[in-house]
Amino acid sequence: EMERTFVMIKPDAVKRNLIGQIISRFELRGLKIIGMKMLKMDRETAEKLYAEHQGKPFFQELVSYITSGPVVTMVIEGDGVVQLIRKMIGNTDPKESPPGTIRGDMALSKSENAIHASDSPEKALREMSIFFTEKELLQ
Ligand code: CMP
């Protein structure tokens with residue numbers, strides 16, 4: 001089933017010049033990038049994106065980190081792309097992410113973990129609408 005997901009290359013990976021290597025993995029797998037923007041998030045946008053983590057002990061750290069430098073946001077389309085990209089990315093904690101996954105190969109820590117991807121089609125819709133209008137998604 002054709003799906004869309006929201007993916008974001010986080011500040012630690014942008015700083016370490018890993019944008020190309022991360023995007024290559026999605027292209028090699030035959031997934032289609034239908035939207036892409038590089039931006040520096042403001043606090044309000046970060047709090048909106050991470051609303052579900054509000055109140056958790058790591059929330060303030062998460063917001064300061066994600067607003068600390070540029071990110072690359074993308075919408076990617078493909079058959080079963082939500083679960084597929086979660087698998088390609090690995091676990092939040094790089095210690096739990098096997099080699100071959102993006103985090104297993106590139107993440108530094110639980111917060112500096114290189115990349116974000118939506119964990120359900122519903123969350124994907126919510127997250128992509130924070131950064132993209134429907135018109136900006138190109139077929
Ligand atoms: P992600 O799954 O993209 O979205 C939520 C983020 O919160 C997660 O990546 C981590 O970067 C961050 N996060 C989750 N748990 C912790 C933690 N225990 N300490 C710091 N950051 C965390």
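The rules behind these values
- Residues numbered from 1 in each chain as written.
- Predicted model: local features only at pLDDT ≥ 70, side-chain atom pairs only at ≥ 80, totals over all residues.
- UniProt positions renumbered as here; feature names shortened; annotations may be inferred.
- Helix = DSSP H or I, 4+ residues; strand = E, 2+ residues; numbered from the N terminus.
- Buried ≥ 20, exposed ≤ 12 C-beta atoms within 10 Å, placed from the backbone.
- Contact = placed C-beta atoms within 7 Å.
- Core = buried A, V, L, I, M, F, W, Y, C linked by C-beta atoms within 7 Å.
- Pairing = 2+ DSSP bridges.
- Axes fitted to C-alpha atoms, helices over the stretch in contact; angles between N-to-C directions.
- Near = placed C-beta within 6 Å.
- Nonpolar A, V, L, I, M, F, W, Y, C, P; charged D, E, K, R; others polar.
- pLDDT = per-residue confidence, 0-100.

> Would you mind going over the UniProt feature "active site" (unreviewed entry) in the protein chain in detail, with residue names and values included?
The UniProt record annotates "active site" (unreviewed entry) at His116. With respect to the secondary-structure elements, His116 resides in strand β4 (residues 115–117). His116 sits in the partly exposed class, given 19 other C-beta atoms within 10 Å. Setting aside its immediate chain neighbours within four residues, His116 contacts Val7, Met8 and Lys10.

> Lay out the nonpolar core in plain terms, naming residues and giving numbers.
Soluble globular proteins tend to bury their nonpolar side chains together. Membership of the largest hydrophobic core comes to 30 residues, with the highest contact counts inside it found for Val7, Met8, Ile9, Ile76, Ile85, Ile102 and Ile115. If you list the elements that add at least two residues to this core, you get β1 (2–9), α2 (19–28), α4 (59–66), β3 (71–79), α5 (81–89), α6 (102–106), β4 and α7 (121–131). Those residues within four positions of Ile115 in sequence are excluded, and the remaining contacts are Val7, Met8, Ile9, Lys10, Ala13, Ile22, Ile89, Ile102 and Arg103.

> Give a detailed account of the sheet that holds β4, specifying residues and quantitative values.
Strand order in the open sheet formed by four strands is β2-β3-β1-β4, with antiparallel pairing between adjacent strands. A single partner strand is all that each edge strand has here, and the edge strands are β2 (32–39) and β4. Neighbour to neighbour, the strand axes of the sheet diverge by 20° on average, direction disregarded. The sheet contact formed by β2 and β3 spans seven bridges and is antiparallel. Bridge pairing links Lys37 to Thr73 in β3.

> Explain the site of the ligand residue by residue, including any values.
Neighbouring the ligand are His53, Phe58, Glu61, Leu62, Thr92, Lys110, Ser111, Asn113 and His116. The residue makeup of the shell around the ligand, split by class, is two nonpolar, five polar and two charged.

> Talk me through the confidence of the model for the protein chain; I want residue IDs and the actual numbers.
Regions with low pLDDT should not have their predicted coordinates read in detail. In this model, the protein chain carries an average pLDDT of 97, and 100% of its residues clear a pLDDT of 70 or more. Here the complex is predicted with pTM 0.96, and the ipTM for its interfaces comes to 0.88.

> Could you give an account of the UniProt feature "binding site: ATP" (unreviewed entry) in the protein chain, with specific residues and numbers?
UniProt annotation of "binding site: ATP" (unreviewed entry) refers to Lys10, Phe58, Arg86, Thr92, Arg103 and Asn113 when read in the numbering used here. The topology assignment puts Phe58 in the loop between α3 (43–49) and α4. Within the secondary structure, Thr92 is located in the loop between α5 and α6. Not counting the four nearest positions on each side in its chain, Thr92 is found in contact with Lys110 and Asn113.

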